[in-house]
Amino acid sequence: MTESRIQPSAEEAARQEYFMQEARKETEAVSRKLGRPLTCCIHTFGCQMNARDSEKLLGILERIGFQETEDENADFVLYNTCTVRENANLKVYGRLGYLNTLKKKNPHMLIALCGCMMQEPQVVEKIRKSYRFVDIVFGTHNIFKLAELICRRLREKTMVVDIWEGTDQIVEDLPAERKYPFKSGVNIMFGCNNFCSYCIVPYVRGRERSRRPEDILAEVKRLAEDGVVEVMLLGQNVNSYGKTLEHPMTFAQLLRRVNEIPGIQRIRFMTSHPKDLSEELIQAMADCKKVCRHLHLPLQSGSSRILKAMNRRYTKEQYLELTERIRAAVPDISLTTDIIVGFPGETEEDFQETLDVVRRVRYDSAFTFLYSRRTGTPAAVMENQVPEDVMKDRFDRLLAEVQRISSEVCGRDVHTVQKVLAEEPDTHLEGYLTGRMDNNTVVHFPGKKEWIGNILDVYLDESRGFYYMGHVQDRQGEDA
Ligand code: 5AD
Ligand code: SF4
C-alpha cells in the first residue's frame, strides 16, 4: 500500500472501543475486590511526540477505569521511552529495577513499556531475558492497541510483546486526556525520511506519513470548542508535510487553514528541517497573526563538512542565509536550535564553525547534545569517533557561549507589556503564576489560579537571564 492511500481506520477505533469496555469490566472487578479505585502512572521520556502519545495512552487508561497518579507505586505503570541518545535508555533500565521491587509488594501491578526504545530488537530481547516481570511491551506504531494488549495480558498471564516494524495505518478518534486544558499538541505527521546519519528516529518511527488535513482541522476545531487556545503542530519534519497525501498540501497551506479556526489564539509547530523550510512558509509565518514568533531550527553543526557527513543536506552558508531571510520577514522572531558536539571526525576547526554560527545567529536558547553512538545508524560505524574528554570539553565551551548569548538576547523585551498565556501555578513562589510569551519565553508574575488558560497583558519588570519577572496590567494599561 502506498502512503498516498493511507486511510484512517474507523473500524479499528470501534474494535478498540470494544477492548476498552472489556478491560473496564476487569478493572472494575479488581477495584471492587480491593475496595479502592485502580491507579495508573505514565512516565514519558523524550520529545513532544512522545508527550502527545502519552496523552492518548492516558485517555485509553482512563476509559478503562484507571485514575492518574504521579506515584509510580500504581496499579498500572507505563514507561513511554526514548532512544535518541544512549543515556535515555540507561535511565529506563535503572528505573525498571525499582519498579520490580514495587511490583513484589503489589501483585495487581501491571508494568508496560512502549515508545521508540521498544522498536529496537536488541532492547526487546534484553527485556524478555532480564526483565521478565514486565507485562506488556509495544512500540510506536500500535499505541492505539493498548486496551487490546491489556485484555490479552489478563487472559494469557505471560508477557505480551507486540511490536510492528512499520505501518500505513493512522487510527483517528481515540480518546486523549490532555495534560493542560488550554493547550494541546496535534500530530500532523508521523515518521521521518531524512536519515541524518547519527539519528535512530527513522528506524524506530518509520517512514513519513501525513494525516489528512480534514482530520487535523477537525481535531483543532474540536479542541478550540473544548477551550484550547494554543496548539502545537507536531511532526519530526513538519516542513515536508503533505507530500504523500492523495491531494498534496504544503505545510504553509495547512498553517493558513489552522490560522482561520476561531478560538485558537496561538499556533506553534515542531520540528522544522532547514533544508525543507520554504519561502512560502516564511510568508505564511509573517502573514498569520496567530503563528507564534518562534522558530526551532535545528543546526546540528556549523561545519559544512560535518553537515555533509551528517547527511543534513544544507551548508553553513545556506543555514545562515535562511535565518537572515526569516528575520527579514518576521523581525522579532526568536530562534532556538539543537546542536550536537563530537560527531565522528569533528575537529577543533569544525567546532569553531559551530561556535561561529551560534555567535552570528544569537539564539534565544539552544539544546546542546553530546554525540551518542546509536547502533544501526551510519555514523556508528564511522572511523575517528571523537574521544570523550575532547567531546566534553567542546560541550562545556559551547554551553557557556550559548548561555552567555541567550542571557543577553532573552532580556530584550524588559520594560514592555507582552501577551502572556498563564499556564500553571509557580512552583517556587506562592501566589505567583508561570506563563509563556508568544516567543516561548517564560514569565513569572503574581496571579490567581482562575487566570490559568488566559492570555494576559503582563508588564515585564525584570529580566533574569532566561526568564522574566512581571505583573499583570488591566485593559486600560493600569496596574492590576
Ligand atoms: N546523538 C546526539 N544527539 C542526537 N540527536 C539526535 N540523534 C542524536 C545522537 N545520536 C539530537 C539532535 C536532534 C535532537 C532531537 O536530538 O540534535 O535534533
Ligand atoms: Fe532524526 Fe534527522 Fe529525522 Fe530529525 S530530521 S528525526 S534528526 S533523521
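Small disclaimer: the values here were computed from a predicted structure and weren't measured.

Engineer: Outline the environment of Arg313, listing residues and values.
Structural biologist: Within the fold, Arg313 resides in the loop between α10 (304–309) and α11 (316–329). Placed 98 residues apart in sequence, Arg313 and Asp215 show a C-alpha to C-alpha distance of 32 Å. Not counting residues within four places of it along the chain, the set of residues in contact with Arg313 comprises Asn194, Lys275, Leu307 and Gln318. Within the local environment of Arg313, its side chain forms a polar contact with the backbone oxygen of Asn194, the two atoms lying 3.0 Å apart.

Engineer: Provide a residue-level description of the site of ligand 2, including the pertinent values.
Structural biologist: With respect to spatial proximity, the complete set of residues near ligand 2 consists of Cys192, Asn194, Phe195, Cys196, Tyr198, Cys199, Val201, Pro202, Gln236, His273 and Arg312. Class assignment for the residues of the shell around ligand 2 results in 7 nonpolar, 3 polar and 1 charged.

Engineer: Could you give an account of the sheet that holds strand β12 (residues 294–296), naming the residues involved and the relevant values?
Structural biologist: Spatially, 3 strands are ordered β12-β13-β14 in an open sheet, and the strand pairing comes out parallel. Looking at which strands have only one partner, the edges of the open sheet turn out to be β12 and β14 (365–370). Direction aside, the axes of adjacent strands within the sheet are offset by 10° on average.

Engineer: Mind laying out the pattern of salt bridges, listing which residues take part and the relevant values?
Structural biologist: Within this structure, the stated rule accounts for 44 salt bridges. Salt-bridge contacts for Arg36 lead to Asp75; the nearest nitrogen and oxygen are separated by 2.8 Å. With a gap of 39 residues between them, Arg36 in the loop between α1 (10–34) and β1 (38–44) and Asp75 in the loop between β2 (66–68) and β3 (76–81) connect regions that are remote in the sequence. Look at Arg36 and you get partly exposed, because its relative accessible area is 32%. Taking relative accessible area as the criterion, Asp75 reaches 3% and is therefore assigned buried. When salt bridges that share partners are traced, they join Glu346, Glu348, Asp393, Arg394 and Arg397 into one network.

Engineer: How would you summarise the site of ligand 1 if you had to cite specific residues and measurements?
Structural biologist: If you check the shell around ligand 1, you find Val84, Arg85, Tyr198, Gln300, Asp338, Ile340, Phe369, Leu370, Tyr371, Ser372 and Arg374 and nothing else. Residue Arg85 places a side-chain N or O atom 2.8 Å away from an oxygen atom belonging to ligand 1. A distance of 2.6 Å is found between an oxygen atom of ligand 1 and a side-chain nitrogen or oxygen belonging to Gln300. Surface burial for ligand 1 is 85%, taken as the share of its 400 Å² of free accessible area covered by protein chains. Those elements that provide at least two residues to the shell around ligand 1 are β13 (334–341) and β14. Here the shell around ligand 1 is composed, by residue class, of 6 nonpolar, 2 polar and 3 charged.

Cut-offs used in this document
- Residues numbered from 1 in each chain as written.
- Chains lettered and ligands numbered in written order.
- Predicted model: local features only at pLDDT ≥ 70, side-chain atom pairs only at ≥ 80, totals over all residues.
- Heavy atoms only, no water.
- Helix = DSSP H or I, 4+ residues; strand = E, 2+ residues; numbered from the N terminus.
- Contact = heavy atoms within 4.5 Å.
- Polar contact = N/O pair within 3.5 Å; in protein donor to acceptor, adjacent residues only side chain to side chain.
- Near = heavy atom within 4 Å.
- Nonpolar A, V, L, I, M, F, W, Y, C, P; charged D, E, K, R; others polar.
- Pairing = 2+ DSSP bridges.
- Axes fitted to C-alpha atoms, helices over the stretch in contact; angles between N-to-C directions.
- Salt bridge = Lys/Arg side-chain N within 4 Å of Asp/Glu carboxyl O.
- Buried < 20%, exposed > 50% of the residue type's maximum accessible area, 1.4 Å probe, protein only.
- Areas by Shrake-Rupley, 256 points an atom, 1.4 Å probe, with all protein chains shown as cover.

Everything listed here is a matter of coordinates, which is why it stays silent on function.
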